[in-house]
Amino acid sequence: MLPPEVRSILEEMGSERIRGASWLAVKGADAYIALANVLEGEELENALREMKKEVPAVNRTMASLYNLARFMPVTGKPEVVRAKAEEFIRLTEEAKREIGNIGSELIDENEVVITHSFSSAVLEIFKTAKKKGKRFKVILTESAPDYEGIALAGELEKLGVPFEVITDAQLGLFAERATLALVGADNVTSDGAVINKAGTYPLALACHDNGVPFYAAAESFKLHPELTSEEVEIVERPYSRQGYRVRNYLFDVTPWRYIRGVITELGILVPPKEI
């Protein structure tokens with residue numbers, strides 16, 4: 001049985017609605033640190049075996065949690081667990097910075113970038129492009145029903161990057177006004193598909209139809225080493241509106257043929273052959 005302080009972190013991860021796979025992975029690493037702070041020896045080993053199941057179960061769609069659980073060893077030595085968890089957090093931060101550097105080079109002067117949902121990797125690209133003195137505009141969806149796009153709008157406002165918020169239904173209308181599409185990814189499958197906030201696939205289709213290059217940004221720990229797009233479990237969280245049940249799958253699948261490249265800290269990978 002996991003200690004209460006660890007269980008509390010896992011519950012916080014499960015209730016999060018805005019921040020995505022990168023935040024969850026770092027928070028998961030924090031859970032391992034919390035575990036190492038209270039257990040050792042055989043008790044720690046047993047808890048780590050339980051974490052191998054519990055961490056991915058927070059959201060089975062997200063490859064980051066699966067890879068975090070694989071990254072962490074089963075050992076009775078708390079100092080080893082802490083060191084590995086801290087290493088994971090450091091690698092995550094380094095990866096995001098490098099993605100910012102690589103992805104910002106795709107943004108030309110007066111670029112019009114369209115995006116969907118909130119991606120910390122995409123935000124890092126915007127931050128780096130702004131630091132490089134590039135002038136560009138962002139078109140972003142409100143990303144209903146959790147409105148992650150509104151959270152991104154707040155970040156862009158702080159950066160001084162001009163932006164325009166649209167409803168999700170206007171993706172097709174505004175895609176033709178964009179020159180580049182950048183989205184995040186919660187999972188890049190072994191067959192090169194991108195799993196991301198529902199609405200990403202329609203955006204990719206609209207960009208394909210209008211000749212707009214479509215890129216996903218994802219740290220390498222979001223690349224799933226085993227699962228194909230057909231095997232990924234897509235989480236649904238229905239809700240009620242005016243007495244009617246509304247279907248609400250959190251993610252959708254964008255096939256590789258609509259993706260120009262996946263921006264990682266290792267470079268821009270071309271799916272499926274380089275995934």
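Everything numeric in this text was worked out from a predicted model, so none of it was measured. (Residues numbered from 1 in each chain as written. Predicted model: local features only at pLDDT ≥ 70, side-chain atom pairs only at ≥ 80, totals over all residues. Heavy atoms only, no water.)

1. What to know about the overall build of the chain
- When helices and strands are counted, the chain shows nine helices and 12 strands.
- Compactness check: the chain gives a C-alpha radius of gyration of 19 Å against a globular reference of 19 Å for 275 residues, within 12% of the reference.
- Reported as C-alpha extents along the three principal axes, the dimensions of the chain are approximately 60 × 50 × 40 Å.
- Out of the 275 residues belonging to the chain, those deemed buried represent 51%.
- A separation of at least 24 residues holds for 75% of the contacts in the chain among residues at least 6 apart in sequence. (Helix = DSSP H or I, 4+ residues; strand = E, 2+ residues; numbered from the N terminus. Rg over C-alpha atoms; globule rule 2.2 N^0.38 Å. Buried < 20%, exposed > 50% of the residue type's maximum accessible area, 1.4 Å probe, protein only. Contact = heavy atoms within 4.5 Å.)

2. Structural notes on the layout of surface pockets
- Of the volumes computed, that of the largest pocket is approximately 690 Å³.
- Lining the largest pocket are 41 residues, and of these Arg17, Arg19, Gly20, Met62 and Glu148 sit closest to its centre.
- Of all the secondary structure elements, the ones that give two or more residues to the lining of the largest pocket are α1 (4-15), α2 (21-38) and β6 (194-197).
- Among the elements that make up the lining of the largest pocket, the one with the highest residue count is α2 (four residues).
- Its residues placed into classes, the lining of the largest pocket shows 18 nonpolar, 12 polar and 11 charged.
- One number sums up the size of the second largest pocket: a volume of about 190 Å³.
- What lines the second largest pocket is Asn67, Arg70, Phe71, Phe88, Leu91, Ala95, Ser220, Phe221, Leu223, Pro225 and Glu265.
- Those elements that place two or more of their residues in the lining of the second largest pocket are α4 (63-71) and α5 (78-104). (1 Å grid on protein atoms, 1.4 Å probe; cavity = no way out; pocket = protein on both sides within 12 Å on 5 of 7 lines; lining within 4 Å. Points joined across faces, edges and corners; volume = space filled by probe spheres on them. Nonpolar A, V, L, I, M, F, W, Y, C, P; charged D, E, K, R; others polar.)

3. Quick word on the sheet that holds strand β10 (residues 251-254)
- Strand order in the open sheet made by the three strands is β5-β6-β10, with antiparallel pairing throughout. One side of each edge strand has no neighbouring strand; the edge strands of this open sheet are β5 (187-188) and β10.
- Inspection of the sheet shows β5 paired to β6 by two bridges, in the antiparallel sense. Across the sheet, the residue bridging to Asn187 is Ile195, located in β6. (Pairing = 2+ DSSP bridges.)

4. Considerations on α4
- Among the residues of α4, Ala63, Ser64, Leu65, Asn67, Leu68 and Ala69 are the ones counted as buried.
- Contact partners of the buried residues in α4: α1, α2, α3 (41-57), α5 and β5.

5. A word on the packing of aromatic side chains
- Under the criterion given, the structure shown has four aromatic pairs.
- An aromatic cluster of at least three residues, connected via ring pairs, comprises Phe71, Phe88 and Phe221.
- The positively charged end of Lys84 is found above the aromatic ring belonging to Phe71, 4.1 Å away from the centroid.
- Arg177 extends its terminal NZ or CZ atom over the ring of Phe174, reaching a point 4.4 Å from the ring centre. (Phe/Tyr/Trp six-rings, centres within 6.5 Å; stacked < 30°, edge-to-face > 60°. Lys NZ or Arg CZ within 6 Å of the ring centre and 35° of its normal.)

6. Description of the side chain of Ser117
- Within the element layout of this structure, Ser117 appears in the loop between β1 (111-115) and α6 (120-131).
- In this structure Ser117 comes out as buried when scored by relative accessible area, which is 7%.
- For Ser117, the residues in contact, after removing those within four places along its chain, are Thr141, Ser143, Glu148, Gly149, Leu152 and Lys197.

7. Examining unusual backbone geometry
- Each neighbour pair has its own omega, and for Ala144 with Pro145 the value is 5°, a cis peptide bond.
- Counting through the fold element by element, Pro145 comes out in the loop between β2 (136-141) and α7 (148-159).
- Omega for the bond connecting Pro271 with Pro272 falls within 30 degrees of zero, at -5°, which places this linkage in the cis form.
- Turning to its location among the elements, Pro272 is positioned in the segment after β12 (267-269).
- Within the chain, Asn110 stands out as a residue other than glycine whose phi angle is a positive 65°.
- Secondary-structure assignment places Asn110 in the loop between α5 and β1.
- The phi angle at Ser117 is positive, at roughly 70°, despite the residue not being glycine.

8. Quick look at the packing of α2 against α3
- As a packed pair, α2 and α3 sit with axes 11 Å apart at the nearest point and diverge in direction by 160°. With respect to each other, α2 and α3 are oriented roughly antiparallel. Like other packed secondary-structure pairs, α2 and α3 cross with a definite hand, here right-handed. Judged by residue contacts, Ala31, Tyr32, Leu35 and Ala36 of α2 engage Leu44, Ala47, Leu48, Met51, Lys52 and Val55 from α3.
- By residue class, the composition of the contact of α2 with α3 is nine nonpolar, no polar and one charged. (Axes fitted to C-alpha atoms, helices over the stretch in contact; angles between N-to-C directions. Parallel < 35°, antiparallel > 145°, perpendicular 65-115°, else oblique. Left-handed = near helix turned anticlockwise from the far one by under 90°.)

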